[in-house]
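Listed here are the chains, written in short residue letters.
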Amino acid sequence: MAFYCPDGAMAQQLEASLAALEAEGRPELREQVSISWVRYRSSLIDSASPRSDLAEFWADRPAGASWRGDQARYPASVVKLLYLVAAEAWLQRQLIDDTPELRRALADMIRHSSNDATGLVLDLLTGTTSGPELPEAAFQRWSLQRQLVNQWCEQLNWPEWQGCNACQKTWGDGPYGRERQFYGPALENRNRLSSDVCARLLHGVMAGALVSPAACKRMRDRLARSLDPSERRADPENQVDGFLGEGLPEGARLWSKAGWMSQARHDAAYVEAEGLAPMLLVVFSEGKARAGDAQLLPELCRQLLAT
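Residues numbered from 1 in each chain as written. Predicted model: local features only at pLDDT ≥ 70, side-chain atom pairs only at ≥ 80, totals over all residues. Heavy atoms only, no water.

1. Describing the environment of Gly69
Next, step 1: Here Gly69 shows up in the loop between β3 (63-67) and α4 (79-92).
Next, step 2: The class of Gly69 is buried, set by a relative accessible area of 2%. (Helix = DSSP H or I, 4+ residues; strand = E, 2+ residues; numbered from the N terminus. Buried < 20%, exposed > 50% of the residue type's maximum accessible area, 1.4 Å probe, protein only.)

2. Comments concerning the packing of helix α5 (residues 100-111) against helix α6 (residues 115-126)
Next, step 1: As a packed pair, α5 and α6 sit with axes 8 Å apart at the nearest point and diverge in direction by 125 degrees. With respect to α6, the element α5 is oriented oblique. Crossing geometry of α5 relative to α6 is assigned as left-handed. Contact residues: Glu101, Leu102, Ala105, Leu106, Asp108 and Met109 in α5; Ala117, Thr118, Leu120, Val121 and Leu124 in α6. (Axes fitted to C-alpha atoms, helices over the stretch in contact; angles between N-to-C directions. Parallel < 35°, antiparallel > 145°, perpendicular 65-115°, else oblique. Left-handed = near helix turned anticlockwise from the far one by under 90°. Contact = heavy atoms within 4.5 Å.)

3. Looking at the packing of aromatic side chains
Next, step 1: Evaluated as defined, the whole model comprises 10 aromatic pairs.
Next, step 2: Both rings, one in Phe3 and one in Tyr4, keep their centres 5.3 Å apart while their planes meet at 85 degrees; by these two values the pair is edge-to-face. Across this residue pair, the class does not change: Phe3 and Tyr4 are buried.
Next, step 3: Ring geometry for Tyr40 versus Tyr270: centroids 5.9 Å apart, planes at 65 degrees, classification edge-to-face. On the criterion of sequence distance, the pair formed by Tyr40 in the loop between β2 (33-39) and α3 (54-59) and Tyr270 in strand β6 (residues 264-272) is long-range, its members being 230 residues apart. The pair formed by Tyr40 and Tyr270 is uniform in burial state, with each residue classed as buried.
Next, step 4: Members of the aromatic cluster, each reached through a chain of ring pairs, are Tyr40, Trp255 and Tyr270.
Next, step 5: Above the plane of the ring of Trp58 lies Arg200, whose end atom (NZ or CZ) is 4.6 Å from the centre.
Next, step 6: For Arg265, the ring lying beneath its charged end belongs to Phe243, and the centroid distance is 5.1 Å. (Phe/Tyr/Trp six-rings, centres within 6.5 Å; stacked < 30°, edge-to-face > 60°. Lys NZ or Arg CZ within 6 Å of the ring centre and 35° of its normal.)

4. Overview of the pairing of strand β5 (residues 253-261)
Next, step 1: Relative to β5, strand β4 (residues 224-225) is paired through two bridges, and the arrangement is antiparallel. Bridging from a neighbouring strand, Arg225 pairs with Leu254 of β5.
Next, step 2: Of the pairings in the sheet, the one linking β5 to β6 comprises nine bridges and is antiparallel in character. Counted as the bridge partner of Lys257 is Ala268 from β6. (Pairing = 2+ DSSP bridges.)

5. Re α4
Next, step 1: Taking 1.5 Å as the rise per residue, α4 with 14 residues should run 20 Å; its terminal C-alpha atoms sit 20 Å apart, in good agreement.
Next, step 2: Taken across its 14 residues, α4 has 13 buried, putting it largely inside the fold.
Next, step 3: Phi turns positive one or two residues past the end of α4, at Gln94, with a value near 60 degrees. (Expected span 1.5 Å × (residues − 1).)

6. Remarks on the pattern of salt bridges
When their charged atoms lie close together, side chains carrying opposite charge are able to pair.
Next, step 1: As enumerated under the stated definition, the model contains 20 salt bridges in all.
Next, step 2: The salt bridge involving Lys169 is made with Asp123; its shortest N-O contact spans 3.0 Å. Taken together, the residues Lys169 in the loop between α8 (148-155) and α9 (178-183) and Asp123 in helix α6 connect sequence positions 46 residues apart. An identical accessibility class is assigned to Lys169 and Asp123; each is buried.
Next, step 3: Counted as one network, the salt bridges with shared partners bring together Glu88, Asp98, Arg103, Arg218 and Arg222. (Salt bridge = Lys/Arg side-chain N within 4 Å of Asp/Glu carboxyl O.)

7. Details of the nonpolar core
Next, step 1: Leu82, Tyr83, Val121, Leu125, Leu193 and Tyr270 are the most contacted members of the largest nonpolar core, which totals 57 residues.
Next, step 2: The dominant element in this core, judged by the number of residues it contributes, is α4, at 11 residues.
Next, step 3: The residues contacting Leu193, other than those within four sequence positions of it, are Gln71, Ala72, Arg73, Pro75, Val79, Leu82, Trp161, Cys164, Asn165, Cys198 and Phe284.
Next, step 4: Counting residues in each nonpolar core, the second largest holds 30 residues, with Leu29, Leu244, Ala273 and Leu304 among its members. (Core = buried A, V, L, I, M, F, W, Y, C linked by side-chain atoms within 4.5 Å.)

8. Overview of the side chain of Ser285
Next, step 1: Residue position: Ser285 is located in strand β7 (residues 279-286).
Next, step 2: Note on Ser285: relative accessible area 0%, which makes it buried.
Next, step 3: Only 2.4 Å separates the side chain of Ser285 from the backbone oxygen of Arg265, close enough to count as a polar contact.
Next, step 4: Aside from chain neighbours lying at most four places away, what touches Ser285 is Gln32, Val33, Gln263, Ala264, Arg265, His266, Arg290, Leu296 and Leu297. (Polar contact = N/O pair within 3.5 Å; in protein donor to acceptor, adjacent residues only side chain to side chain.)

9. Points about unusual backbone geometry
Next, step 1: A positive phi angle is found at Glu28, which is not glycine, with a value near 65 degrees.
Next, step 2: If you trace the backbone, Glu28 turns up in the loop between α1 (8-23) and α2 (29-32).
Next, step 3: For Ser113, which is not glycine, the phi torsion reads 55 degrees and is therefore positive.
Next, step 4: Turning to its location among the elements, Ser113 is positioned in the loop between α5 and α6.

Shown next, in the form of structure tokens:
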């Protein structure tokens, strides 16, 4: 059962939007995307105070709809959202030290999508480091250690986690040495996430219902994006232009984590705009054509926000 309550009207609108976008010259779009869309009666931010009953919060499911929301795909840099949540969970349990260097890495991992920062964070979370290929016995020990984030996710007992995998660093040129060894001969151990599991993660962060309220506030602060045109022009990799945030009206507020590479353009966003219902939207789009399509995500955001 999804964390949201399936809404028939929203599902129809989502399918209609996809059909219209496909008709604009995007053949096979519906096979190339996964979408999770949640709509709220009121702001999650305003209600993100300490909660006395988390079970009651999760039982009160918002309206939502999805298209292939349970299909696990390569998440690109959206996986950094999960690593951010895991880091706060480790800090709360005092499994890692709260240092200025860790805070700097977490900020750069989310704000600037730094792969180098992500590598440090995953090393700290799992007690592993990159390096040359390892002999079989040492590699098996290393591999087991690198699975710690996956083991933590499995213990959440979320049905959305089924088929997912989050144990790899993110790369510019690609993995080498033991990191490439860990991917497997056919890259079968690549990261995999669904739009549904990313939506649930972001839902919990925005509502202050994952880890602790203070930790969720820190995460929200890192995920906040400026829509100011001058700030966006000054930062070509702002994770707004070409992504969901570009489709927002003036004065809207955005919290998001995008992912972009040669075969993918993704975004996970929570948005609030005056006079419109707050919404959470996660879109994974795959393939070279979709990776180069800078208008798909903004247009989908415009259509769904306005309904």
